[in-house]
Amino acid sequence: MALSHLKSSSSGSNFLKPLATAFSLRRPISTSTDPITVETSVPFTTHRCDPPSRTVETSPQELLSFFRDMATMRRMEIAADSLYKAKLIRGFCHLYDGQEAVAVGMEAAITKKDSIITAYRDHCTFLGRGGTLLEIFSELMGRQGGCSSGKGGSMHFYKKKSGFYGGHGIVGAQVPLGCGLAFAHKYNKDDAVAFALYGDGAANQGQLFEALNISALWDLPVILVYGMGTAEWRAAKSPSYYKRGDYVPGLKVDGMDAFAVKQACKFAKEHALKSGPI
Amino acid sequence: MATIFQGLRGGAAAALTNSIDSKKLLSRSTRRSLSERKVSFPVVRSDGSVNLNPGGSNARARRVDQLITNAVATKADSSAASSTSKPGHELLLFEALREGLEEEMDRDPHVCVMGEDVGHYGGSYKVTRGLADKYGDLRVLDTPIAENSFTGMGIGAAMTGLRPIVEGMNMGFLLLAFNQISNNCGMLHYTSGGQFTIPVVIRGPGGVGRQLGAEHSQRLESYFQSIPGIQMVACSTPYNAKGLMKAAIRSENPVILFEHVLLYNLKERIPDEEYICNLEEAEMVRPGEHVTILTYSRMRYHVMQAAKTLVNKGYDPEVIDIRSLKPFDLHMIGNSVKKTHRVLIVEECMRTGGIGASLTAAITENFHDYLDAPIVCLSSQDVPTPYAGTLEEWTVVQPAQIVTAVEQLCQ
């Protein structure tokens, strides 16, 4: 393909070759927006709804942006880990490496008008919402240049302008807040949705089910996104988390596949705007 | 028969009656007009006894309780004559709250109310009556019994710019939402580096009622006072109830507005024109020279009753309703301490860790040199509120105790 063609045509010393290749590689691929179709690796499993198609449309530009963003997130988290071990980041530091596909896939499916709220594992989600590395590291190290002026720390990243609502320390408390964001979207009639992310610790919290009940009752456009963390067998009687909503539809997605996440989020947004929580 | 209470601004002492002589106070016509409205709500009788009937039918709780002391100051002359001559209009405290709420909802489309039974039922104390019909289901929201989550939802909505008013059916139920109030409501403004303001108002009735039992007679102001980032106010008259409600809704900070179960039926004449009360100001109820009595909410009425006795005995107490529980209005309090040099705090909170305890510390820290005697703080007993009426009475500060305390303080 274009890649190998470029490689063979680049000339120069062995020393400069990788640099030249890297430099000349970037331009032709990244600006192409021709659609490419990809199949998700694993089919979707559903609860009370029809699954979306496994065929996802993407483009070389999007592919490269996925790669760039995910690589940045991974490197960032590893760097944060080193800083934490060097005691330059104090308190708690919850890392997102390994889950980058979720953040990146979600961003690809939605706009900045939609709201995202998550718990304390928020570094990469913040980056995905438009945060800069400088803001992130400043905040982690308690500096004024941080996104919360150094007053929040690892668990309290927010970016109001891009609809990122944090960043919360207490497990599960962000889910009712997320339903409140969805309520505000419905109140303001702005055709946007709220994504409330949580893990399996929060999945056993009463307030989650309370919030789900109210959201279903009031048809709020909220999407509850669950990701793994605690050992299933230790804490949960029913490990089928996507079915736990009972009367609320659910979708099981392979979180390692950014395309599946993108498709699922697009589907979920349409569903939430039409028929309420999912 | 509703008790009439005239506002005590401007320093006029309340005219108080004993339990014996007030039968002529209220005319039958008042009672009839109330029943015509087909509303059943707790009624404070002229002799101080109360029928507590939170939102139930007329038949249910019409018991006459002879043991209750005068909870509310009453006016000696008849109320029926006073309607037409003065400006303003008369209403009950819950109506004043509703008026304030309605005016703010008219003024700002972002204001919404959420709570249990606030919508179609009209509110368990009728504060939101009629609002659901007027503004629709999206602005007056009936929630299921899920305090933790609907308080969280209110806060989430406030983060985006809406101004929700979260009603706890009883303040005690908000303990279930303590996490949301403390961690999210109080702290989000700070932890987000100022990006978000949380203009939420959390309100509800609290305090010791009439034999409601321990769990429904809680005073949450002492638990909430340490939460950084929130403001607390307590209303006590229809005038300040409406004013504080409006100010709280307009404030960009989270405000907790404490109402009292027994004060919802106080009647007062309030101005027709729009007004708001300052959230951080105290109210001078009765200027005096001998002793400063600081109080708030229902205890204001016990204090005014005791004040009547004290005046007869020759004392001149200065009574201040502190209204703002967090932060304290140390300006007015300080000026008063500098004048009288003696402080008595009368509160309904528990002795340990209550508002009185904080106020004592604040006054001692700031005005120690002006005090001629140690600050005396009269609070409720550190016990769960008993069901039996006699026992319940003894856990709360009574006017006789206030009189004794002042006498001892002024020796």
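Values in this document were obtained by computation on a predicted structure and should not be read as measured data. (Residues numbered from 1 in each chain as written. Chains lettered and ligands numbered in written order. Predicted model: local features only at pLDDT ≥ 70, side-chain atom pairs only at ≥ 80, totals over all residues. Heavy atoms only, no water.)

Asks: Tell me about the overall build of chain A, and name the residues and values.
Replies: Assigned secondary structure in chain A consists of eleven helices and seven strands. Put simply, of all contacts in chain A between residues at least 6 apart along the chain, 67% involve residues at least 24 apart. For chain A, the exposed surface amounts to about 13600 Å²; the carbon and sulfur share of it is 56%. (Helix = DSSP H or I, 4+ residues; strand = E, 2+ residues; numbered from the N terminus. Contact = heavy atoms within 4.5 Å. Areas by Shrake-Rupley, 256 points an atom, 1.4 Å probe, with all protein chains shown as cover.)

Asks: Tell me about the overall build of chain B, and please be specific about residues and values.
Replies: On a plain count of helices and strands, chain B comes out with 13 helices and 16 strands. Looking at the 411 residues of chain B, the share that counts as buried comes to 62%. Across chain B, the fraction of contacts at a sequence separation of at least 24, relative to all contacts at a separation of at least 6, is 82%. (Buried < 20%, exposed > 50% of the residue type's maximum accessible area, 1.4 Å probe, protein only.)

Asks: Give me the lowdown on the UniProt feature "domain: Transketolase-like pyrimidine-binding" (unreviewed entry) in chain B, citing residues and values where you can.
Replies: In the numbering used here, UniProt assigns the "domain: Transketolase-like pyrimidine-binding" (unreviewed entry) feature to residues 91-266 of chain B. Structurally, residues 91-266 of chain B is divided into 35% helix and 18% strand, and its ends, taken at the C-alpha atoms, are 8 Å apart. (UniProt positions renumbered as here; feature names shortened; annotations may be inferred.)

Asks: Go over the sheet that holds strand 16 (residues 376-380) of chain B with me, naming the residues and quoting the values.
Replies: Residue and element names in this part refer to chain B. Reading across from one edge, 11-13-12-15-16 is the order of the five strands in this open sheet, with mixed pairing throughout. Both edges of this open sheet fall to strand 11 (283-286) and strand 16, since each of them pairs with a single strand only. In this sheet, adjacent strand axes meet at a mean angle of 25 degrees when their direction is disregarded. Across four bridges, the pairing between strand 12 (residues 291-295) and strand 15 (residues 343-350) is parallel. Counted as the bridge partner of Leu294 is Ile345 from strand 15. (Pairing = 2+ DSSP bridges. Axes fitted to C-alpha atoms, helices over the stretch in contact; angles between N-to-C directions.)

Asks: Account for the packing of aromatic side chains, naming residues and giving values.
Replies: Inspection of the entire model under this criterion finds twelve aromatic pairs over all chains. Geometrically, the ring pair formed by Phe66(A) and Phe259(A) is tilted, given 5.8 Å between the ring centres and 40 degrees between the ring planes. With Phe66(A) in helix 3 (residues 60-85) and Phe259(A) in helix 11 (residues 258-275), this pair connects stretches of sequence that are 193 residues apart. Taking the relative accessible area as the measure of exposure, Phe259(A) reaches 16% and is therefore buried. Three or more aromatic residues joined by ring pairs make a cluster, and in this case those are Phe126(A), Phe157(A) and Phe164(A). The ring of Tyr121(B) carries Lys126(B) above its face, with NZ or CZ at 4.6 Å from the centroid. (Phe/Tyr/Trp six-rings, centres within 6.5 Å; stacked < 30°, edge-to-face > 60°. Lys NZ or Arg CZ within 6 Å of the ring centre and 35° of its normal.)

Asks: For the pairing of strand 16 of chain B, give the residues involved together with the corresponding values.
Replies: Residues and elements named next belong to chain B. Across the five residues of strand 16, four count as buried, placing the element largely inside the fold. Inspection of the sheet shows strand 15 paired to strand 16 by four bridges, in the parallel sense. Bridge pairing in strand 16 links Met350 to Ser380. With helix 11 (residues 355-367) bridging strand 15 and the parallel strand 16, this β-α-β connection has right-handed handedness. (Right-handed = clockwise from strand over helix to strand, strands pointing away.)

Asks: With reference to specific residues and values, describe the sheet that holds strand 5 (residues 194-199) of chain A.
Replies: All names here are of chain A. Spatially, the three strands line up as an open sheet ordered 4-5-6, and their pairing is parallel. A single partner strand is all that each edge strand has here, and the edge strands are strand 4 (115-117) and strand 6 (222-227). Each strand of the sheet is rotated relative to its neighbour by a mean of 20 degrees, with strand direction disregarded. Where strand 5 and strand 6 come together, six bridges link them in parallel fashion. Looking at the pairing, Phe195 lines up with Ile223 of strand 6. Against the sheet, helix 7 (residues 174-188) contacts strand 4, strand 5 and strand 6, and its axis sits at roughly 170 degrees relative to strand 5.

Asks: Tell me what's going on with helix 7 of chain A, and back it up with residues and numbers.
Replies: For helix 7 of chain A, spanning 15 residues, the distance from its first C-alpha to its last is 21 Å, which sits close to the expected 21 Å at 1.5 Å a residue. By the criterion of burial, helix 7 of chain A is predominantly enclosed, with 13 of the 15 residues buried. (Expected span 1.5 Å × (residues − 1).)

Asks: Can you explain the interface of chain A and chain B? Please cite residues and give values.
Replies: Across the contact, 33 residues belong to chain A and 35 residues belong to chain B. Summing the contributions of chain A and of chain B, the shared interface buries around 2800 Å²; its carbon and sulfur component is 68%. Mapped by element, the contributors of at least two residues to the side of chain A that touches chain B are helix 7 and helix 9 (206-218) of chain A. At ten residues, helix 7 of chain A tops the list of elements feeding residues into the side of chain A that touches chain B. Looking at the side of chain A that touches chain B residue by residue, the classes come out as 18 nonpolar, nine polar and six charged. (Buried area = accessible area lost by both parts, 1.4 Å probe. Nonpolar A, V, L, I, M, F, W, Y, C, P; charged D, E, K, R; others polar.)

Asks: Explain the nonpolar core to me, using residue names and the numbers behind them.
Replies: Of all hydrophobic cores here, the largest spans 76 residues; its most connected members are Phe183(A), Phe224(B), Ile256(B), Phe258(B), Leu294(B), Ile322(B) and Ile363(B). Here this core gets eight residues from one element, more than from any other, and that element is helix 7 of chain A. The contact partners of Ile322(B), leaving out residues within four places of it in the chain, are Glu281(B), Ala282(B), Leu294(B), Thr295(B), Tyr296(B), Phe328(B), Ile333(B), Ile355(B) and Leu359(B). Core analysis: the next-biggest nonpolar cluster, separate from the first, contains 45 residues, Cys93(A), Ile116(A), Ile223(A) and Phe267(A) among them. (Core = buried A, V, L, I, M, F, W, Y, C linked by side-chain atoms within 4.5 Å.)

Asks: So what about the pattern of salt bridges? Which residues, and what values?
Replies: Following the criterion strictly, the structure yields 28 salt bridges over all chains and no others. With a shortest N-O distance of 2.9 Å, Glu62(A) and Lys262(A) are connected by a salt bridge. Linking Glu62(A) in helix 3 with Lys262(A) in helix 11, this pair joins segments that are 200 residues apart in sequence. Across the pair, Lys262(A) and Glu62(A) agree in class, each one buried. A salt bridge links Glu107(A) to Arg129(A), with the nearest nitrogen and oxygen atoms 2.8 Å apart. In this pair, Glu107(A) is assigned in helix 4 (residues 100-109) and Arg129(A) in the loop between helix 5 (123-128) and helix 6 (133-140), connecting sequence segments 22 residues apart. Each member of the pair, Glu107(A) together with Arg129(A), is buried. What you see here is one network of salt bridges that share partners, running through Glu99(B), Glu103(B), Glu104(B), Arg107(B), Lys242(B), Lys246(B), Arg250(B) and Glu274(B). (Salt bridge = Lys/Arg side-chain N within 4 Å of Asp/Glu carboxyl O.)

Asks: How would you explain the side chain of Ser236(B) if you had to name every residue and give the values?
Replies: Residue and element names in this part refer to chain B. Mapping Ser236 onto the fold places it in the loop between strand 8 (231-234) and helix 8 (238-250). Separated by 2.4 Å, the side chains of Ser236 and Asp321 make a polar contact. In contact with Ser236, other than residues within four places in its own chain, are Leu93, Leu263, Leu266, Ser297, Arg300, Tyr301 and Asp321. (Polar contact = N/O pair within 3.5 Å; in protein donor to acceptor, adjacent residues only side chain to side chain.)

Asks: Residues and numbers for the environment of Lys159(A), please.
Replies: Along the chain, the position of Lys159(A) falls in the loop between helix 6 and helix 7. Lys159(A) gets classed as buried once you look at its relative accessible area, which sits at 16%. Expressed as a C-alpha distance, the spacing of Lys159(A) and Arg129(A), which sit 30 residues apart in the sequence, is 7.8 Å. Discounting residues that sit within four places of it in the chain, Lys159(A) has contacts with Phe126(A), Arg129(A), Gly130(A), Gly131(A), Glu135(A), Phe164(A) and Gln195(B).

Asks: Account for helix 10 (residues 330-340) of chain B, with residues named and values stated.
Replies: Residue and element names in this part refer to chain B. Every buried residue of helix 10 is listed here: Ile333, Gly334, Ser336, Val337 and Thr340. One side of helix 10 holds all its buried residues, which, seen down the axis, span an arc of 165 degrees. Those residues of helix 10 that are buried lie in contact with strand 12, strand 13 (317-321), strand 15 and helix 11. Looking one or two residues past helix 10, His341 carries a phi angle of roughly 65 degrees, positive in sign. (Arc of directions from axis to C-beta.)

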